[in-house]
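# Architecture and fold: a report
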Amino acid sequence: MEKLKILALKIKWFIMDVDGVLTDGGIIYDSDGRELKKFCVRDGMGITLLHNAGIKTAVLTSRNSPMVKKRAQELNITEVIQGASDKLRLYEKIKKKHNVLDEEVLYIGDDYVDLPVLRRVGFPVTVPGAPEELKEVCVYVTQKQGGDGAVREVAELLLKLSGKFEEAVRRYID
């Protein structure tokens, strides 16, 4: 846990994949062929807590979905990049745009397309259903599944390890 605390103290950005992380990875189509996604409200509160503590958030996903844009707007997520076939290149673009170092980034992803970014960031995280190759490079594997509070779990862990949790929840408990 001490190693995680050292890593957590450096984090300024929390970047997330969507399918399998913010959702359970399922894709639902309505009768008109429109794609639907189910998001966990607890994850939304986790993202809000990160913002309360001054941590920026971003979404980096391979797919394109209007629901992702809508959810990101609701949560005031700083950067939303969809259609990311080369996540590492786009991750580098985020870093350059915001003058961020690898060790200042936590990234949570769940599949092989996330592996190049997970290998680069300072605090790589994955979910229980991820392939073993991801788990091997990550410093933390969530207890919660994607779409069921995994982001909230990591957000609270990060805030507690970095000593920012009280600041993040103060407005709700005072």
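Located above this text is the structure these notes cover.
Report follows, based on the coordinates. (Residues numbered from 1 in each chain as written. Predicted model: local features only at pLDDT ≥ 70, side-chain atom pairs only at ≥ 80, totals over all residues. Heavy atoms only, no water.)

A few words now on the sheet that holds strand 8 (residues 140–141). Strand order in the open sheet formed by six strands is 5-4-1-6-7-8, with parallel pairing between adjacent strands. The open sheet terminates on both sides in strands that have one partner only, identified here as strand 5 (79–81) and strand 8. Relative to strand 6 (residues 105–108), strand 1 (residues 13–16) runs parallel, the two sharing four bridges. Within strand 6, the position partnered with methionine 16 by the bridge is isoleucine 108. Across the sheet, helix 7 (residues 150–161) touches strand 1, strand 6, strand 7 (123–126) and strand 8, and the angle it forms with strand 1 is around 165°. (Pairing = 2+ DSSP bridges. Helix = DSSP H or I, 4+ residues; strand = E, 2+ residues; numbered from the N terminus. Contact = heavy atoms within 4.5 Å. Axes fitted to C-alpha atoms, helices over the stretch in contact; angles between N-to-C directions.)

Moving on, we come to the environment of leucine 158. Examined against the element boundaries, leucine 158 turns out to sit in helix 7. A relative accessible area of 0% places leucine 158 in the buried class. Along the sequence, leucine 158 and leucine 106 sit 52 residues apart, while their C-alpha atoms lie 9.0 Å from each other. If we ignore the near neighbours within four places in the chain, the residues touching leucine 158 are Ala8, Ile11, Phe14, Leu50, Ile55 and Leu106. (Buried < 20%, exposed > 50% of the residue type's maximum accessible area, 1.4 Å probe, protein only.)

Buried within helix 3 (residues 66–74) are the following residues: Val68, Arg71 and Ala72. Axial view of helix 3: buried residues confined to an arc of 100°, hence all on one face. More than 90 degrees from the buried face of helix 3, the exposed residues found are Pro66, Lys70 and Gln73. At its buried positions, helix 3 is contacted by helix 2 (41–52), strand 4 (56–60) and strand 5. Of the residues flanking the end of helix 3, it is asparagine 76, one or two places downstream, whose phi is positive at about 55°. (Arc of directions from axis to C-beta.)

It helps to recall that an α-helix has 3.6 residues per turn; residues three or four apart then point in one direction. The end-to-end C-alpha distance of helix 2, which contains 12 residues, comes to 17 Å, matching closely the 16 Å that a straight helix rising 1.5 Å per residue would cover. Those residues of helix 2 that sit buried are Asp43, Gly44, Gly46, Ile47, Leu49, Leu50 and Asn52. Against strand 1, strand 4, helix 3, helix 7 and helix 8 (165–173) lie the buried residues of helix 2. Immediately beyond the C-terminal end of helix 2, within one or two residues, lies glycine 54, with a positive phi of roughly 85°. (Expected span 1.5 Å × (residues − 1).)

In this section: the packing of aromatic side chains. In this structure the tally under the stated criterion is zero aromatic pairs. Taking the ring centre of phenylalanine 165 as reference, the NZ or CZ of lysine 160 above it sits at 4.8 Å. (Phe/Tyr/Trp six-rings, centres within 6.5 Å; stacked < 30°, edge-to-face > 60°. Lys NZ or Arg CZ within 6 Å of the ring centre and 35° of its normal.)

Let's shift gears to the pairing of strand 6. Residue alternation in strand 6 divides its side chains into two sets, Val105 and Tyr107 and Leu106 and Ile108, and both sets are buried. Across three bridges, strand 6 lies against strand 7 in parallel orientation. Bridge assignment links isoleucine 108 to a residue of strand 7, and that residue is valine 125. Taken together, strand 6, helix 5 (residues 115–120) and strand 7 constitute a β-α-β crossover, and its handedness is right-handed. (Right-handed = clockwise from strand over helix to strand, strands pointing away.)

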